[in-house]
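# Architecture and fold: a report
If you want the building blocks of each chain, they are given just below.
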Amino acid sequence: MLTESQQIKIQKLLSTMTLEEKVGQLHQCGPSLVGAFQVSFDELLNMMFDGRISEEEFGKLISTAHRDFHEEDLRAGLIGSYNGVNDASTANRLQKIAVEETRLGIPLLFGYDVVHGFRTVTPIPLAEACAWEPELWEETARMAAKEATAAGIHMTFAPMVDVGKDARWGRVSEGAGEDVYLTARYGMAKVTGFQTADPAAQDSMAACVKHFAGYGAVEAGRDYNRVDMSLQKLYEEYLPPYKACIEAGARAVMPAFNDINGIPCTVNKWLLQDILRKEWKFDGMTVSDANAIAECVEHGIAADHREAAMQALLAGMEMDMGSCVYKEHIQSLIEEGRIDEDILDQAVSDVLQVKMELGLFDHPYQTTALREEQEILKPEYRAVARKAAVKSIVLLKNENVLPLNKATKVGIVGSLAKDKAEMLGAWAIAGNGNDCISIVDAVEQHQVSYGFLEGIIDGKVDVEGLEGMAKSCDMFLFVTGENKDESGEAASRADITLKTEQLALLEVLKGFDKPIVTVLFNGRPLAIPETVKWSDVLVEAWHPGVEAGNAIYDILFGNANPSAKLTMTFPDKTGQCPMYYAHINTGRPGGKSKFTSRYLDAPNEPLFPFGFGLSYTNYEYSGLTVKKTENAFCVEAEITNTGKWDGEEIVQCYVRDLAASRVRPVKQLKAFSKIKLCAGETKKILFQISFDSLGFYDREMKYIVEPGEFEVFVGGNSVDCMSVTVRLEQYEIPAGMREKQ
Ligand code: GLC
């Protein structure tokens, strides 16, 4: 929050700005790469995609291309921010022009996608979410902020808190999974880690929560597609994480590419004004997604870019990321009286306020090349990355094979075991594959006796090679899954199974009758029933970041006891998507009859349920009791570590409203806790489930908590739970909660 004198300074500055300078503050420039072809980055990409240049030529051009930062526009005060500057010297050079060579000396804001680490790349968010550990989520965000701010970055376009229930959508890799409560907790931890309580600190960066709103509900899991749903569903299942991030203090919001019920978020006044500003009291700035304002023409909501620019600014869309339509049209729209200048002033004021909050007016040069050199890839950051990866790896099956003895002769099969760059995962744009430890690197460094084969030659299984390997190894380590560009943005898949050749390879391995440990590198749940059946061990490693190989070594050889649990359901078949635990029961939920809600060719049960993950030990749950206080259920249970390994158990608490005036999900996660338990130890766990959290929106969109029977579940995943049923008498929610939250 700004001081009064700071607010006065902003208003004074605003009063001296020309129209051009005001529009300049709303223009975020993406560095266009101008190489021998004198074309923009996007055009260069298109030339590669349509084969006019090869990938090698593209790579060479990009690495050698001069990045054009449009410095004449900058000097004229027409640029307020950059997206894509990721080194201290460039940032300081551009900042110097802004501060010392423009008429008003307004500092630049540098934004960048720091989604799961900057240079010290940590596990993709869908992986790290599986740790169910807010302290870890905050710690890795803090580390990312220290590295990124050292490289001159002031704002990250993160956390991404789009609830994702459809594994076909590639961007589930960037979020925390299918649950609205867990995603909210994840987002809050990230905002705090990025910003701290002092956003002006030199190692703090503003969080830009995205993509507002409901991007994870794109129809058919196809990226950029429409989003259409009831307001009740939007408010109950998709909006809470964005709101939680704003309550945690996020200073920016990025509207989503998609429409909601026919109005693109970028020009959706109901979303950007009525909800964001009026209901949620958000006082930061909004920044569009890349080119999103211009794309309102493609959406079919604006006849041309001029119309799109007007609709967007009137809706509350403030900074234009890379489309240039504000730069081209806003001034004349104001001069012609199509937009009142006070609308423009409000947007500029919000941007200047965030720059002030980040300390950019007082300290425009927040880093040096020396600080950057000292900060990047510090050994202690690699240690955090390794810890985060170990805590993110989910053990899905273990037929008493793991942990491996260190004398085991391991036959490693699969190109992903050696391919460092693939460990980065999607949206690791400051990462460098050479920084990554692969599985082969790790077994080398730990003196494990191993052999390696890619396993596929010219699309065919290398049977001869595998036969040779089978003669000398004790077991196979089969490494498969997805490349990093098969998830993330613009990476939806209509078939989320393993590639045919990979299954064929696994089937050949199965024929050698040796234990098979399968490690998956992937950015989404996969429909892999055969892989589950043919593997003795299944390890879900996601894309674990720079310490991938070491973390997997730690799990496989028992340096660590796996504790992670899934935050997204694994379907048996792609056709079941979207498949999620918090589903409605329907009137025919199942049973022997043909006439029930099911598929003829797939089970109703998932391959692996939400909240599932194995350990090298076992935990037993007992003693569930639920008492009531004035405003909450007090849930108690005991958990015993009945095995020989010390471990950490993620205890989950779900609730079901058994009968309500709108049908309710069969389970909803309301609390979780990760507890350490030594072998043989028993601990009591206590959850407070507030009655306010049991509410939902009625037909008139009033938030209500109804009296009735509630089933309370406690367990180690969303299926294997103890439960008791309790009655809630009439309960009045606090005044003001009834309105839309
Ligand atoms: C992309 C993504 C968004 C990202 C932005 C800036 O299109 O949708 O998540 O922050 O561009 O790079």
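So, here's what we can say about the structure. (Residues numbered from 1 in each chain as written. Predicted model: local features only at pLDDT ≥ 70, side-chain atom pairs only at ≥ 80, totals over all residues. Heavy atoms only, no water.)

### Observations regarding the overall build of the chain
The test is simple: Only DSSP runs of H or I reaching four residues or more are called helices, and only runs of E reaching two or more are called strands; each is numbered from the N terminus. Throughout this description, buried means an accessible area under 20% of the type-specific maximum (1.4 Å probe, protein chains only), exposed means over 50%, and partly exposed covers the range between. Reported accessibility uses the Shrake-Rupley method at a 1.4 Å probe radius. Residues are deemed covered only where the shown protein chains occlude them. His is not counted, nor are the chain ends; Lys and Arg add positive charge and Asp and Glu add negative charge. To locate a charge, take NZ of a lysine, CZ of an arginine, CG of an aspartate or CD of a glutamate.
A count of helices and strands for the chain gives 23 helices and 29 strands. Structurally, the chain occupies a C-alpha span of about 75 × 65 × 45 Å along its principal axes. Out of the 741 residues belonging to the chain, those deemed buried represent 61%. By element, 50% of the accessible surface of the chain is carried by carbon and sulfur atoms, the whole surface being about 28,100 Å². Once the 75 positive and 108 negative side-chain charges of the chain are each reduced to a mean point, those two points are 4 Å apart.

### A word on the site of the ligand
Using the following cut-off: Nearness is defined per residue: one heavy atom within 4 Å of the molecule or strand is enough. Side-chain atoms alone can form a polar contact between residues adjacent in sequence; in general such a contact is a pair of N or O atoms within 3.5 Å, and within protein one must be able to donate a hydrogen while the other accepts it. Only Asp, Glu, Lys and Arg are considered charged, only Ala, Val, Leu, Ile, Met, Phe, Trp, Tyr, Cys and Pro nonpolar, and every remaining residue, Gly among them, polar.
Taken together, 13 residues surround the ligand, and among them Asp113, Arg171, Lys210, His211 and Asp289 come closest. A distance of 2.5 Å separates an oxygen atom of the ligand from a polar side-chain atom of Asp113. Take Asp289: an N or O atom from its side chain is 2.6 Å from an oxygen atom of the ligand. Surface burial for the ligand is 92%, taken as the share of its 310 Å² of free accessible area covered by protein chains. Among the residues making up the shell around the ligand, the classes are represented as six nonpolar, two polar and five charged.

### Topic: the side chain of Arg171
In plain terms, the rule: We call two residues contacting when some pair of their heavy atoms lies within 4.5 Å.
By the secondary structure assignment, Arg171 is in the loop between strand S6 (155-156) and helix H9 (180-195). Within the local environment of Arg171, its side chain forms a polar contact with the side chain of Tyr215, the two groups lying 3.2 Å apart. With near-sequence residues (within four places) excluded, Arg171 lies in contact with Met160, His211, Tyr215, Asp223, Phe257, Trp427, Gly488 and Glu489.

### Quick word on the pattern of salt bridges
Using the following cut-off: The term salt bridge refers to a pairing of a side-chain nitrogen on Lys or Arg with a carboxyl oxygen on Asp or Glu at a separation within 4 Å.
Taken as a whole and judged by the stated rule, the model has 44 salt bridges. The partner of Glu21 in a salt bridge is Arg103, with the nearest N and O atoms 2.7 Å apart. In this pair, Glu21 is assigned in helix H2 (residues 19-25) and Arg103 in the loop between helix H6 (88-101) and strand S5 (109-112), connecting sequence segments 82 residues apart. The class of Arg103 is exposed, set by a relative accessible area of 53%.

### Brief notes about the pairing of strand S8 (residues 252-255)
Rule in force here: In this analysis, strands are considered paired if DSSP registers two or more bridges between them.
Side chains Ala252 and Met254 project from S8 onto one buried face, and the interleaved Val253 and Pro255 project onto a second face that is buried too. Two strands pair when backbone bridges link them, and strand S7 (residues 206-212) and S8 are joined in this way by four bridges, in the parallel orientation. Note on S8: the bridge partner recorded for Phe212 is Pro255.

### Regarding the sheet that holds S6
Short version of the rule: Helix axes are fitted only over the stretch in contact, all axes being lines through C-alpha atoms; the angle between N-to-C directions runs from 0 to 180 degrees.
If you walk across this open sheet you meet the eight strands as S11-S8-S7-S6-S5-S4-S1-S12, and the pairing is parallel. At either margin of the open sheet sits one strand with a lone partner, and together these are strand S11 (285-286) and strand S12 (320-321). Two strands pair when backbone bridges link them, and strand S1 (residues 27-29) and S12 are joined in this way by two bridges, in the parallel orientation. Its bridge partner being in S12, Gln28 is matched across the sheet by Met321. With respect to the sheet, helix H11 (residues 240-247) is in contact with S7 and S8, its orientation differing from that of S7 by roughly 165°. Contacts from helix H12 (residues 269-279) reach S7, S8 and S11, with the element oriented near 130° to S7.

### Regarding the packing of aromatic side chains
As a reminder, the rule being used: Between 30 and 60 degrees the pair is tilted, below 30 it is stacked and above 60 it is edge-to-face, where a pair is any two Phe, Tyr or Trp rings, Trp via its six-membered ring, whose centres lie within 6.5 Å. Throughout this description, the term charge over a ring refers to an Arg CZ or Lys NZ atom that lies within 6 Å of the ring centre and within 35 degrees of the ring normal.
A full pass over the atoms with the stated rule returns 25 aromatic pairs. Between the aromatic rings of Phe212 and Tyr242, the centroid separation amounts to 5.4 Å while the plane-to-plane angle is 75°, which identifies the pairing as edge-to-face. You can see Phe212 sitting in strand S7 and its partner Tyr242 sitting in helix H11, a full 30 residues away along the chain. On the numbers, 5.3 Å between centres and 65° between planes, the contact of Tyr697 with Tyr703 is edge-to-face. Given the relative accessible area of 9%, Tyr703 is considered buried. Aromatic rings pair up to connect Trp132, Tyr181, Tyr581, Phe610, Tyr654 and Phe672 into one cluster. The ring of Tyr580 has Lys165 sitting right over it, with the charged end atom 4.6 Å from the ring centre. The aromatic ring of Trp427 is capped on one face by Lys210, whose charged end is 5.5 Å from the ring centroid.

### Focus on the environment of Gly680
Structurally, Gly680 can be placed in the loop between strand S24 (668-677) and strand S25 (682-690). Considering only alpha carbons, one finds Gly680 and Trp645, 35 residues apart in sequence, at a separation of 8.7 Å. With residues near it in sequence (within four places) discarded, Gly680 still touches Thr640, Asn641 and Gly643.

### Examining the sheet that holds S25
One open sheet accounts for three strands, arranged S21-S22-S25; its pairing is antiparallel. Only two strands of the sheet have a single neighbouring strand rather than two, namely strand S21 (619-628) and S25. This sheet shows a mean twist of 20° between the axes of neighbouring strands, independent of strand direction. The pairing of S21 with strand S22 (residues 632-641) spans eight bridges and is classified as antiparallel. Its bridge partner being in S22, Thr625 is matched across the sheet by Glu636.

### Looking at the packing of helix H14 (residues 305-315) against helix H15 (residues 325-335)
Our working definition: When an angle is under 35 degrees it counts as roughly parallel; over 145 it counts as roughly antiparallel; between 65 and 115 it counts as roughly perpendicular; any other value is oblique.
In contact at an axis separation of 9 Å, H14 and H15 are set at 75° when each is read in the N-to-C sense. Relative to H15, the element H14 lies roughly perpendicular. In this structure, H14 contributes His305, Arg306, Ala309, Met310, Ala312 and Leu313 to the contact, and H15 contributes Val325, Tyr326, His329, Ile330, Ser332 and Leu333. Here the contact of H14 with H15 is composed, by residue class, of eight nonpolar, three polar and one charged.

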